[in-house]
Structures are given as C-alpha cells and as structure tokens.
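The lines below spell out each chain.
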Amino acid sequence: MTNKRKSSYSKFEKKDFLFVYLLIALPVLQFAVFWFYVNISSFTLAFKDPAGSWTFDNFRQVWYGLTHADQYGTNILTMILRSFTLWFISNCVVFPIALCTTYVLFRRVFGHYVFRVIYMLPSLIGGVVWIATMKQLLSNYGAVVYFMKKAGASISGSVMSDGLMYDIKTAFPTLCLTVFIYGIAGGNAVVTGAYSRIPEELFDVGKLDGIGFWREFFNVCLPCIWPTVSTLLTFSLCTIFVGEGNVFLYTNGEGGYGLDTMGFYIQYLVYRLSLTSSEKMPYGYPAAIGLFITLITLPIVLVGRRILESLVEAVET
C-alpha cells in the first residue's frame, strides 16, 4: 500500500488530520512546559551558585554528603538507602501480594464483593485523609499504642508522649508498615483491568485440562497480563531512589527521627528555601541532588526496561 501525497487527500481527510493534531497538541504542550522546561531549568540551576554564577560547588557538596553529614546535617547515602527500602517493600513484597490478591478477587471467590470493598478502601479515600487517619492511629493516644499497652509491649517515653512516628527506634519500621498497608491496594485497579481482558475461553480450556487454581494463575493469567506488569515495574524503577513515603505529611514537614528519605529531603530543601525572603536562594544544591539521582537511576531504568521487554517477548513467544 503506497502512501498518499499531501495534495491527494480529500478535504474531509485533511480535517481528520487536523483533529488528530489538535488532539495531541495539549499533551505535547504539557510535556514541553511542565517536564522539559522545568527539567532544563533544574539542570542549569545545578551548576549555579546563589549569585547566579556557574560553579561545581553544588556537586562537591553532594559528593561530600554521600559519606558525611552535609550542610543541613544529613547523610545522602543513608536517605537513598531508606528510599530504596521503601521501593523494595512496595515493588518486591507488596506488588506480588497484590497480584495474587487481585487474582483471587477476580476469580470471584465466596464473599469477593465484600472483600473487594475492604481491599480497595485505602485507594478509595484521598491520600491526605488516609495519612491523617494513620497519624491518629499511630499517635500516643491512638489505637496502635493502646493495644501495644494492653499486650504488655515495652514502650519508650517518646512514644508515650508523641507517638510511634516520633521515636527513632520505631519511626522507620512504622513508616515501612504504612507503606506496606497502603501499597496492597495500590495499582489494583490497573491489574484488575488487565485480568478482565483475558479471554474467558482460556479459563474454559484450563478447566478441561484440569489445572488447579494457582497453576491457572501462573500459567494462564500471569503471562497474559505480563505486558501490563512489566510497564508498571518499568515506571516504578524511575522512583527507586527517590521514594518519599509521605514523610512530609506524617511529620508536618519536619522529618527527623530516622525518617528522612531522599524524596522527602528534596521536598524539605525546596520548602525550607521557599520560606526565606532572599531573592538569591541556593536552589542549586537540591537541583544537583536531583541531577545526581537521575544519573545513577538512568542506567538502572534502561537495563531494567530491556530485561522486562525481553521477558515480555519470551512470554509472547
């Protein structure tokens, strides 16, 4: 089939092309303004000092912060490891559980309507409302501390006065637990949609072959939804070192208590700088941190994407 020349298109065909161009104009403009322009500005800021002169001092501070406490008293490598821990919990622990749980509900086990509502409840309410609820549950007068007292658990004085998020021994494990609970429902709508697109004939063939419930999951369902799974995992790799865990909201923008993650720290720096009245604010340091994280994340994303694509090709063949 040969391509038409532009002059050979009818007036109606040209109007169809115009509609398509107008349809994609808005997302292209959004990408150009809110991603390309913003990131180019961040790139130039990383090489500038507060006076606007070009410098590499921001990257020297980042390098120093990897092994020592930086100018704000935090260690960058420690925060990267905390963010990676949250990412690992979300994608290597919670996501496989969510795949299995969503499949069980998709196959309509007894009581699946009730369990589906309970299962999806965290994702139905707003994030701010969810965090406000969790803060109440984890506070010194909340239900979690109350049951810990009843169980005879050893509770420190800071937990008794402020809650689990304000003690260095309990803060980060508690944060990991909240990420685990909230992550169970995360992405379930996308996965459920992928399950629903599987032809019903495949399940009928499986019944005729006498395969079991979980063999059906691993041999029939998982290969069919693997392109969706690989896409979700590829996107998740972009946040492997910048997980925030809603620390900013849990601590009212203060951090500390061993909760500082890389994502929170960048937010904290920008928030702290925005409170100053000086026109020459040192945005170069958080911009340099962001560029450094991008450089170490990029090869991981590219390699991970290639591996996942090869797995998709293997499944399809």
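Nothing here was measured: the structure is a model prediction, and the numbers come from that model.

Conventions used here
- Residues numbered from 1 in each chain as written.
- Predicted model: local features only at pLDDT ≥ 70, side-chain atom pairs only at ≥ 80, totals over all residues.
- Heavy atoms only, no water.
- Helix = DSSP H or I, 4+ residues; strand = E, 2+ residues; numbered from the N terminus.
- Buried < 20%, exposed > 50% of the residue type's maximum accessible area, 1.4 Å probe, protein only.
- Contact = heavy atoms within 4.5 Å.
- Areas by Shrake-Rupley, 256 points an atom, 1.4 Å probe, with all protein chains shown as cover.
- Patch = residues over 30% accessible without salt bridge, like charges linked within 9 Å, V, L, I, M, F, W, Y side chains within 5 Å.
- Salt bridge = Lys/Arg side-chain N within 4 Å of Asp/Glu carboxyl O.
- Core = buried A, V, L, I, M, F, W, Y, C linked by side-chain atoms within 4.5 Å.
- Axes fitted to C-alpha atoms, helices over the stretch in contact; angles between N-to-C directions.
- Parallel < 35°, antiparallel > 145°, perpendicular 65-115°, else oblique.
- Nonpolar A, V, L, I, M, F, W, Y, C, P; charged D, E, K, R; others polar.
- Phe/Tyr/Trp six-rings, centres within 6.5 Å; stacked < 30°, edge-to-face > 60°.
- Lys NZ or Arg CZ within 6 Å of the ring centre and 35° of its normal.
- Expected span 1.5 Å × (residues − 1).
- Bend = angle between axes of the 7 residues up to and from the residue.
- Polar contact = N/O pair within 3.5 Å; in protein donor to acceptor, adjacent residues only side chain to side chain.

Moving on: the overall build of the chain. Helices and strands together make up the secondary structure of the chain, namely 14 helices and 0 strands. Along the chain, from the amino end to the carboxyl end, the secondary structure elements read α-α-α-α-α-α-α-α-α-α-α-α-α-α. Burial statistics for the chain: of 317 residues in total, 35% are counted as buried. When contacts within the chain are restricted to residue pairs at least 6 apart in sequence, those whose partners lie at least 24 apart make up 63%. Accessible surface computed for the chain: about 19600 Å², of which carbon and sulfur atoms make up 68%.

A cluster of nonpolar side chains, namely Phe17, Phe19, Val20, Tyr21, Leu23, Ile24 and Val28, defines an oily patch on the protein surface of about 710 Å² accessible area. As for its position among the elements, Val28 is in helix H1 (residues 11–45).

Counting residues in hydrophobic clusters, the biggest one holds 23 residues, and the most contacted among them are Leu86, Met165, Leu175, Tyr250 and Leu259. Among the elements of the structure, helix H3 (76–106), helix H5 (127–138), helix H8 (171–185) and helix H12 (247–250) are those that each provide at least two residues to this core. If one sorts the elements of this core by residue count, H8 sits on top with 6 residues. Here Leu86 is in contact with Phe172, Leu175, Cys176, Val179, Glu244, Gly245 and Thr261, once residues within four sequence places are set aside. Of all hydrophobic cores here, the second largest spans 22 residues; its members include Val62, Tyr285, Ala287 and Phe292.

With respect to the element layout, Tyr146 can be found in helix H6 (residues 143–150). Take Tyr146: its relative accessible area is 44%, and that puts it in the partly exposed class. Along the backbone, Tyr146 and Met160 are 14 residues apart, and their C-alpha atoms lie at a distance of 9.8 Å.

In this section: the pattern of salt bridges. Applying the stated criterion across every chain, the model contains 3 salt bridges. Its salt-bridge partner being Asp57, residue Arg60 comes within 2.4 Å of it at the nearest N-O pair. Taken together, the positions of Arg60 and Asp57, both in helix H2 (residues 57–67) and 3 residues apart, correspond to about one turn of that helix. Of the residues examined, Arg60 reaches a relative accessible area of 52% and is grouped as exposed. The shortest N-O distance in the salt bridge between Glu309 and Arg306 comes to 3.9 Å. Placement of both Glu309 and Arg306 in helix H14 (residues 284–316) is noted, with a separation of 3 residues, approximately one turn of the helix. Among the residues examined, Glu309 registers a relative accessible area of 33% and is labelled partly exposed.

Okay, unusual backbone geometry next. Even without a glycine there, the phi angle at Asn246 is positive, about 60°. Position of Asn246 relative to the elements: it lies in the loop between helix H11 (213–237) and H12.

This part is about the packing of H2 against H3. It is the contact of H2 with H3, at a shortest axis distance of 5 Å, that shows an interaxial angle of 70°. As far as their axial angle goes, H3 and H2 are roughly perpendicular. Residue-level contacts link Val62, Gly65 and Leu66 of H2 to Ile76, Leu77 and Ile80 of H3. Residue composition of the contact of H2 with H3, grouped by class: 5 nonpolar, 1 polar and no charged.

Counted under the stated rule, the structure contains 16 aromatic pairs. Note on Tyr103 and Phe217: the rings are 4.9 Å apart at their centroids and 40° apart in plane angle, and the pair reads as tilted. Of this pair, Tyr103 sits in helix H3 while Phe217 sits in helix H11, placing them 114 residues apart in sequence. Owing to a relative accessible area of 0%, Tyr103 belongs among the buried residues under this scheme. Residue placement shows Lys48 over the ring face of Trp54; its charged tip is 5.0 Å from the ring centre.

What follows deals with H3. Across its 31 residues, H3 extends 42 Å between first and last C-alpha, which sits within 8% of the 45 Å expected from 1.5 Å per residue. Along H3, the helix axis deviates most sharply at Val94, where the bend reaches about 40°; the proline Pro96 sits within four residues downstream. At the N-terminal boundary of H3, the capping side chain belongs to Asn75, with an oxygen 3.1 Å from the backbone nitrogen of Leu77. Positive phi shows up at Arg108, right after H3, with a value of about 60°.

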